[in-house]
Amino acid sequence: MEGHAAMPYSISRRGPALATLPPIGLIVASLAERLGVGEFATGGLQLAVLGGLVAVGRYFGGTIYAYIKKRIVVTAEFDSRDESYSWILNWLTDHPYSTKATQFSVSTSICRAGQRLTGEGLDAHLPPVYFLPAPGFHLFTYHSRILWLSRDRVSKSASAASGTNAPLETIKIGTFGRSRHILERLVFEAQKKYIDRDQSRTVVYAADQYGAWRRTRSRPKRPLSTIVIPSSIKRHLLHDAHDFLRSEQWYSDRGIPYRRGYLLYGTPGSGKTSFIHALAGELGLNIYVINLSNKSLTDDTLAELVTDTPTRCLLLIEDVDAAFVQRVKGQDVVNNITFSGKSRLLNAIDGVAAQEGRILCMTTNHIDRLDPALIRPGRIDLRVEFTRASKEQARELFERFYPPPPSEEEEEAECSAEDEIAHVERTSAVESKLISPWSQELVQEPETMPPRRWTLDRRLTSTAEMLDPTPATSRPNSPSPRPMSSANRRASRMVRRQSVAATPEQADLFASMIPNDTFSMAALQGFLMEYKSRPELAIAHVSAWVEQNLKDPRTSTTNTPDPDTEE
Ligand SMILES: Nc1ncnc2c1ncn2[C@@H]1O[C@H](COP(=O)(O)OP(=O)(O)OP(=O)(O)O)[C@@H](O)[C@H]1O
């Protein structure tokens, strides 16, 4: 019994933690005594009971905490592998908190207007810099509500495991309350801001290593008028595409799969890719590019990619001949990449998986290598051959390179149109109802070169067009092309003001020195780039350039870097 009376102290000696819980210690000790357990075992029993209690407390504590949190806090999470993450980053760069946060990260990769560091001692020619809240915890207000944001970097090993070099991040935004409304509002606002950013741009998506679409870049829209090919060909393709996009019901009524395919083939550097980008911009569609030479492209991922394209888009398969043969040391051999070739490609293009409503564009420099099944009507509805430059194309390229500066009336007209567009941009929602200036230009553009050498295989013209000969651009429900941004318009006017105009005589002279069907348009463009604002120097040097390059036929199809590729 002596030991009994001294029990609280002995508890503290044997298990100091239990000293803080005398009643439990006493209960355990008296139980141990009844069971005839020795002193040493009693201490062990007490520790076991304590451990159990802590575990139970933790479990219930966590559950109770999560329950209370669920009742009083709402949280939204964004993962850097998902596009919504870019919406939030883009949104954050504009939020006043980003310019006030004492812990901030600096980024140059969010290419958008605003938040540019200019003036105040900084060089205006430096690339734009954006401020974002640094990884960690932040508090800010949004519509008079207090929100918190936690930006966390996932460990490097987790990033590597997910196959990306960029650090994986998550952003969580939360607030007190039970309604998700405020966070949903923030998400939709961020999404709209992000989409608005692309109003005057064409967004290009490509497949990542998991076979999922990932936004790779966005380019300012290229006006169709800058593609120097016969305008009747441009008009025909544009009309056909517009017509297709407004004819869903027509296809559905007749049970015809609602899709359209174009094949652009011919000389490298003749403008096939540029034309497709300009067409997509004109139609207000984003481009989804599949590269068949991609080693990680398997049959399954190809099918998945096609299935995952959105309903309205332009699906571009470049150099489609890569699906069939690969050139190895001058010999054509059967392609041995994981992608198994023709049949799977055909299945992906027109199988059940094929997404309705999309325009499929394929390009190739070797139409002779394509399987006839791939380009049969139904898969390919229109074929256009792109050839080496004619004299007419050379002349037009020259004129476009050295345009006359805008006259005062033109500037005035452009400014008032700009004001109007800016007004519409401010007041309209994402879908603008403006007719692109480029569509109008194209409709009015006179034919400057005979389309005689150009092959447009229109055996299978649109059936909807046969029923309704009204030009697609003048019909209701035609998808409205997205307008050029005012910043782009201003920049283009500045360039035009500074440029030295070529005279029609100079253009004629230049064209007369370019042999027909010899050089690619890309090669001519490359030559003119050397004399950006000096048409007279271009003329002075062109014969020597022609002579020199005729000796080396490889240069006749030389490609120059595409000036549009910069983000
Ligand atoms: N018809 C053209 N009109 C205006 N620019 C052209 C034309 N053809 C080529 N270019 C210019 O040449 C460059 C390369 O053109 P593009 O990549 O569109 O050619 P491509 O036919 O797709 O070549 P490849 O078959 O090698 O992919 C671009 O910068 C483009 O601006």
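As a reminder, the structure under discussion sits directly above these lines.
Structural notes, computed from the coordinates. Not measured: the values here are computed from a predicted model. (Residues numbered from 1 in each chain as written. Predicted model: local features only at pLDDT ≥ 70, side-chain atom pairs only at ≥ 80, totals over all residues. Heavy atoms only, no water.)

A short note on the site of the ligand
Near the ligand there are 20 residues, and of these Val228, Lys272, Thr273, Ser274 and Asn365 occur at the shortest range. The contact in question runs from a nitrogen atom of the ligand to an N or O atom on the backbone of valine 228, over 2.8 Å. Asparagine 365 places a side-chain nitrogen or oxygen 2.8 Å from an oxygen atom of the ligand. At the level of elements, helix H11 (272–283) and helix H20 (521–529) are the ones that each hand at least two residues to the shell around the ligand. In terms of residue class, the shell around the ligand is made up of seven nonpolar, 10 polar and three charged. Counting contributing residues per domain, the shell around the ligand is built from domain 3 (213–393) and domain 4 (398–442 + 484–565), each supplying no fewer than three. (Near = heavy atom within 4 Å. Polar contact = N/O pair within 3.5 Å; in protein donor to acceptor, adjacent residues only side chain to side chain. Helix = DSSP H or I, 4+ residues; strand = E, 2+ residues; numbered from the N terminus. Nonpolar A, V, L, I, M, F, W, Y, C, P; charged D, E, K, R; others polar. Domains from an automatic or database assignment.)

What about the pattern of salt bridges?
Enumeration according to the criterion identifies 13 salt bridges in this entry. One salt bridge connects lysine 192 with aspartate 196, and the closest N-O pair in it is separated by 2.7 Å. Residue lysine 192 and its partner aspartate 196 are located together in helix H8 (residues 181–197), separated by four residues, close to a single helical turn. Accessibility expressed as a relative area gives 30% for aspartate 196, which makes it partly exposed. Linking aspartate 240 and arginine 260 is a salt bridge whose minimum nitrogen-to-oxygen distance equals 2.8 Å. Of this pair, aspartate 240 sits in helix H9 (residues 231–245) while arginine 260 sits in strand S9 (residues 260–266), placing them 20 residues apart in sequence. (Salt bridge = Lys/Arg side-chain N within 4 Å of Asp/Glu carboxyl O. Buried < 20%, exposed > 50% of the residue type's maximum accessible area, 1.4 Å probe, protein only.)

Focus: the nonpolar core
Grouped together as the largest cluster of nonpolar side chains are 31 residues, with contacts concentrated most on Tyr262, Phe275, Leu283, Leu314 and Ile359. Looking at this core, the elements that each hand over two or more residues are H9, helix H10 (248–254), S9, H11, strand S10 (287–291), strand S11 (314–318), strand S14 (359–364) and strand S15 (382–386). The residues contacting leucine 314, other than those within four sequence positions of it, are Ile276, Ala280, Leu285, Asn286, Ile287, Tyr288, Ile359 and Cys361. (Core = buried A, V, L, I, M, F, W, Y, C linked by side-chain atoms within 4.5 Å. Contact = heavy atoms within 4.5 Å.)

Observations concerning unusual backbone geometry
Within the chain, histidine 143 stands out as a residue other than glycine whose phi angle is a positive 50°. With a relative accessible area of 41%, histidine 143 lands in the partly exposed category.

Digging into the side chain of histidine 138
Considering the arrangement of structural elements, one finds histidine 138 in strand S4 (residues 136–142). Side-chain polar atoms of histidine 138 contact the side chain of tyrosine 97, separated by 2.7 Å. Residues contacting histidine 138, with those up to four places away along its chain left out, are Tyr97, Gln103, Pro133, Leu147, Trp148 and Leu149.

Points about the pairing of S11
With four of five residues buried, S11 lies mostly within the body of the structure. Inspection of the sheet shows S10 paired to S11 by five bridges, in the parallel sense. Looking at S11, one finds that isoleucine 287 is bridged to leucine 314. Note that the unit made of S10, helix H12 (residues 299–307) and S11 has a crossover that is right-handed. The pairing of S11 with S14 spans four bridges and is parallel. In the strand pairing of S14, leucine 316 is matched with cysteine 361. (Pairing = 2+ DSSP bridges. Right-handed = clockwise from strand over helix to strand, strands pointing away.)

Some words on the packing of aromatic side chains
Aromatic rings in a pair are described by how distant their centres are and how their planes are angled relative to each other. Evaluation of the coordinates by the stated rule reveals 20 aromatic pairs. Seen from their ring centres, tryptophan 91 and tyrosine 142 are 5.5 Å apart, and the 80° between their planes marks the pair as edge-to-face. Separated by 51 residues along the polypeptide, tryptophan 91 in helix H5 (residues 83–94) and tyrosine 142 in strand S4 bring together distant segments of the chain. Judged by its relative accessible area of 3%, tryptophan 91 falls in the buried class. Ring centres of phenylalanine 104 and phenylalanine 131 lie 5.2 Å apart, and the angle between their planes is 80°; this geometry places the pair in the edge-to-face category. One end of the pair, phenylalanine 104, is in strand S2 (residues 104–107); the other, phenylalanine 131, is in strand S3 (residues 130–133), with 27 residues separating them in the sequence. We classify phenylalanine 104 as partly exposed; its relative accessible area is 40%. (Phe/Tyr/Trp six-rings, centres within 6.5 Å; stacked < 30°, edge-to-face > 60°.)

Brief notes about the pairing of S14
With six of six residues buried, S14 is to be regarded as a mostly interior element. Strand direction decides the pairing type here: S9 and S14, joined by six bridges, are parallel. Looking at the pairing, leucine 264 lines up with threonine 363 of S14.

Overview of the sheet that holds strand S6 (residues 169–176)
The strand order S1-S6-S5-S4 describes an open sheet built from four strands, whose pairing is antiparallel. Looking at strand neighbours, the two that pair on one side only are strand S1 (73–79) and S4, the edges of this open sheet. With strand direction ignored, the average angle separating the axes of adjacent strands in the sheet is 20°. Note: S1 against S6, seven bridges, orientation antiparallel. The residue of S6 that forms the bridge with valine 73 is phenylalanine 176. Here helix H4 (residues 39–72) sits on the sheet and contacts S1 and S6; the angle it forms with S1, its principal contact strand, is near 90°. Along the sheet face, H5 touches S1, S4, strand S5 (145–153) and S6 and points at about 65° away from the line of S6. (Axes fitted to C-alpha atoms, helices over the stretch in contact; angles between N-to-C directions.)

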